[in-house]
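Coordinate analysis (summary)
Chain by chain, the residues:
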Amino acid sequence: MNSEPDFTTIKVDVLIIGAGGAGLRAAIEARSLGASVAILSKSLLGKAHTVMAEGGIAASLGNVDNKDNWKVHFADTYVEGVFLGNYRMSEILAKEAPDRVYELERYGALFDRTPGGLISQRAFGAHTYRRLCHVGDKTGLELIRTVQEKSVSSGAKVYDELVISKIFNKNGRAIGALALSMREGKFYVFSAKAVIVATGGLGRIYKVTSNSWESTGDGHSLAVRAGAELMDMEMVQFHPTGMVYPPAVRGLLVTEGVRGDGGILLNNKGERYMLKYSPKKKELDARDIVARANYNEIIEGRGSEHGGVYLDISYKGKKFIMEKLPSMYMQYKEFAGIDITKEKMEVAPTTHYHMGGIRVDPDTTQTRVEGLYAAGEVASGLHGANRLGGNSLADILVFGRRAGKYAAEYALKSTYLDVDEVEVKDEIKRVSSYLKSGEKQNPYDLIEKLRTTMSEKVGIIREEKHLKEALDIIREIKSKSGTVGVPGGLRFNPGLIACLELDNMLLSAELLVNSAIERRESRGAHARKDYPDRSKEFMKNFIYEYDGNKISMTTAPVPKLPAELEELIPKEEVIG
Amino acid sequence: MNEAKVSIMRSEPAVSSEVKFEEFKVPVVEGMVVLDAVHYIQNNIDTTIGVRWNCKAARCGSCAAEINGSPRLMCKTRMEDAGPEVQIKPMRAFPVVKDLVTDLSHGYEVAKKIPPFTPRPEMKSPYKIQQIDITRSKEFRLCIECFLCMDVCHVIREHHSDYFGPKHVVKIAALDLHPADSVDRSELLHNEGGLGYCDITKCCQEVCPEGIRITDNAIIPEKERIVDHVYDPIGRLIRAARRRKW
């Protein structure tokens, strides 16, 4: 670029980065309190990764199993997070999820019903009772449409197809962000009194993943560089059932609803091996346990033709499957040419969710930085070392609302701080500098190398040797990333976006692997071959902060459960 | 390994009026879809190709394009079905932003005109609704907003009329058939929405990747409803008195 591109400034009370369920629910709340709201979306409005959520929202309505209540939901969440989670966040989730579900119904969502006309609830892994409120196997689509319409009609302004490259921090406060509009090829400065990060996860740093293109850890980078802390970066959930074959769809999610509705897992000898790994909960044990069982069957040679295991729901009959799991039927029919009403599916673990992320206050979702909030998958603390199915949709509504509320309250009593023009111009220069002529490193080559490395060396079973090799490769990629560049201009140039994403992906990957090395134990989703047992010594969270130059790690003990919550934990569980 | 010839329409109207087709050779692996081929080109040959995508699982509806002339999702069209020579063009009913990316913002503006879900005042939360009463609305809630139905609609393509278009009729039908909703959207659809322009050629429902019977189950019933409501004022009064919608 010869001259630096210009920019336009937009002022708004609450700036929300991310238009998935959490961001949109935050927008509704902030608008209801009278704050002006801008929602920035990397994709078109309504396309966020939330649409991919299938099984349902966990909320203890007790419509199907009337013994269910928030206390059991809390205990399930906390225990399956293997005591690494923030108890207060689990408590809030369990208490508030039912209100958020009924509220969604009042916004117009149409859940499947019980014979008595109430919201129906299905069984899911490691939930004691049938708890997942669902809309067939497309719950996420219904959820995002509902909050999408509600937020637009509430007067929140949506700016879609924008890539955010920096959150500005002035005097310890988040005061706005720089965005590149992909459609226009123009830069915008959003000057705000409060900023909410709701950008989702980082699954795309792995090759085999169920995550869509947006999940490149953008919010993690934005927030830590703006002064927030990151926590539990090592905690990546591998979903037990992703598609295996054909290669082009490897990793695509097969909903837990298949098992919730009776699907069984079989190895190539026809054995229902979950009876051995988890005699009590079987296929419906927590995701980390089922995923490792699947993995184990595969590496011990009892896998399927294409390196997976078998998942069978065909015995339930065509009518049942078409009613309960229509998308799964379509997915296998269209992508694999398999009729799941007659044949078994081939499945294997796939990178699915990141429990770690931005460290937040459990009640207000505020980060360490004044005026900076985070909610949804990008935030950490709620799920600990393993997330229960259905808790992420509950999470985005419960904590999305809280982020909107506290950000709006803060914004309405604050004033604008102007973003420094020099800082804006520097950042525009940094983004534009990826547009190069002549010799340059293709960002996609480095991204491909990173993703392969993560899937091969930082997968479901980890060990120090491989983790250290991964760290070396990540640092080697990082050393080359300075020469990355692409031709073309600012308008809808995917190569340019890839350059920015590579930077974010490398940051998250490095911290993730570093934490995985440090956690010399096995806990929840983090399983170490060289340290197979859980250790009380690691009842701590690994936390990262950035000092403007480099990122450093500290640890903090996991917040201790108060007595009244400890009482709710089943006696056979040993906390530690 | 097989190889396919993939030809992509390239343009950037804000910069130049030039429109050209560029041909790329792409190795084909089993199960590969057209979007994979575009990604291959983008990652290995030309990083500047503008394309919109998101989930690559036929759930988000971002990657609509015209593949060998048919409006389809790129993620749901297998290379082996598209043939050894594949031509990809952007959806023609919308202005091109760059290459395969079109400007859909008009659709989002139309969506804002549709009155949101408004529950009947007597509805008490939590609602009691029977499964059978949600079945009809559910069909329209499958819509992934891919805009393929809008792309094939000849009213939108050729006449640029004020017709809202099939996607928005589906949206309205989803709201109108919500058992707890209280708003009547038929007059809006009749007047501002221009539903009268639709002459029921059913092209839209043929391309819907979700199999929504757009014409049969959304457009025709909405047209009938307009007839009832707009041209039958007595029936309208009776209905208002009974507070029933259909």
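So, a few notes on the structure that sits alongside this text. (Residues numbered from 1 in each chain as written. Chains lettered and ligands numbered in written order. Predicted model: local features only at pLDDT ≥ 70, side-chain atom pairs only at ≥ 80, totals over all residues.)

Some details on the overall build of chain B
A tally of helices and strands in chain B yields 11 helices and seven strands. Overall, chain B is about 70 × 40 × 25 Å in size when its C-alpha atoms are taken along their principal axes. Long-range pairs, those at least 24 residues apart, make up 65% of the contacts in chain B with a sequence separation of at least 6. (Helix = DSSP H or I, 4+ residues; strand = E, 2+ residues; numbered from the N terminus. Contact = placed C-beta atoms within 7 Å.)

Observations regarding the packing of helix α13 (residues 443-457) of chain A against helix α15 (residues 494-518) of chain A
Packed helices, taken two at a time, are described by the angle their axes make and the gap between the axes. Residue and element names in this part refer to chain A. Look at α13 against α15: their axes get within 9 Å of each other, and the N-to-C directions meet at 30 degrees. Here α15 runs roughly parallel to α13, going by the angle between their axes. The chirality of how α13 crosses α15 is left-handed. Side by side, α13 and α15 meet where P443, Y444, L446, I447, L450 and M454 of the first sit next to G495, A498, C499, L502, M505, L506 and A509 of the second. Split into classes, the residues belonging to the contact of α13 with α15 amount to 12 nonpolar, one polar and no charged. (Axes fitted to C-alpha atoms, helices over the stretch in contact; angles between N-to-C directions. Parallel < 35°, antiparallel > 145°, perpendicular 65-115°, else oblique. Left-handed = near helix turned anticlockwise from the far one by under 90°. Nonpolar A, V, L, I, M, F, W, Y, C, P; charged D, E, K, R; others polar.)

Examining the interface of chain A and chain B
Facing the 44 residues of chain A at the interface are 46 residues of chain B. Among the secondary structure elements, those contributing two or more residues to the side of chain A that touches chain B are α3 (87-107), α4 (139-153), α10 (326-336) and α15 of chain A. Broken down by element, the residue count for the side of chain A that touches chain B peaks at five residues, all from α4(A). Residue composition of the side of chain A that touches chain B, grouped by class: 22 nonpolar, 10 polar and 12 charged.

Observations concerning the sheet that holds strand β1 (residues 2-11) of chain B
All names here are of chain B. Here five strands make up an open sheet; going across it, the order is β2-β1-β5-β3-β4 and the pairing mixed. Whereas interior strands pair on both sides, the edge strands pair on one side only; in this sheet they are β2 (19-28) and β4 (70-73). Taken pair by pair, the neighbouring strands of this sheet meet at an average axis angle of 35 degrees, ignoring direction. (Pairing = 2+ DSSP bridges.)

A few points about the nonpolar core
Counting 267 residues, the largest nonpolar core has A:V14, A:I16, A:I196 and A:A407 as the members making the most contacts within it. If we skip the residues at most four places from it in the chain, A:I196 touches A:V14, A:I16, A:I17, A:G23, A:A26, A:Y373, A:A375, A:A403 and A:A407. (Core = buried A, V, L, I, M, F, W, Y, C linked by C-beta atoms within 7 Å. Buried ≥ 20, exposed ≤ 12 C-beta atoms within 10 Å, placed from the backbone.)

Quick notes on the sheet that holds strand β17 (residues 540-546) of chain A
Strands pair in a sheet through their backbones, by hydrogen bonds, and they do so in one of two ways: parallel or antiparallel. Residues and elements named next belong to chain A. What the four strands build is an open sheet, ordered β15-β10-β17-β18; its pairing is antiparallel. The outermost strands of the open sheet, each flanked by one partner alone, are β15 (357-358) and β18 (551-557). Where strand β10 (residues 230-231) meets β15, two bridges bridge the pair, whose relative direction is antiparallel. Bridge pairing in β15 links L230 to I358. The strands that α15 touches are β10, β17 and β18; relative to β17, the one it contacts most, it runs at about 145 degrees.

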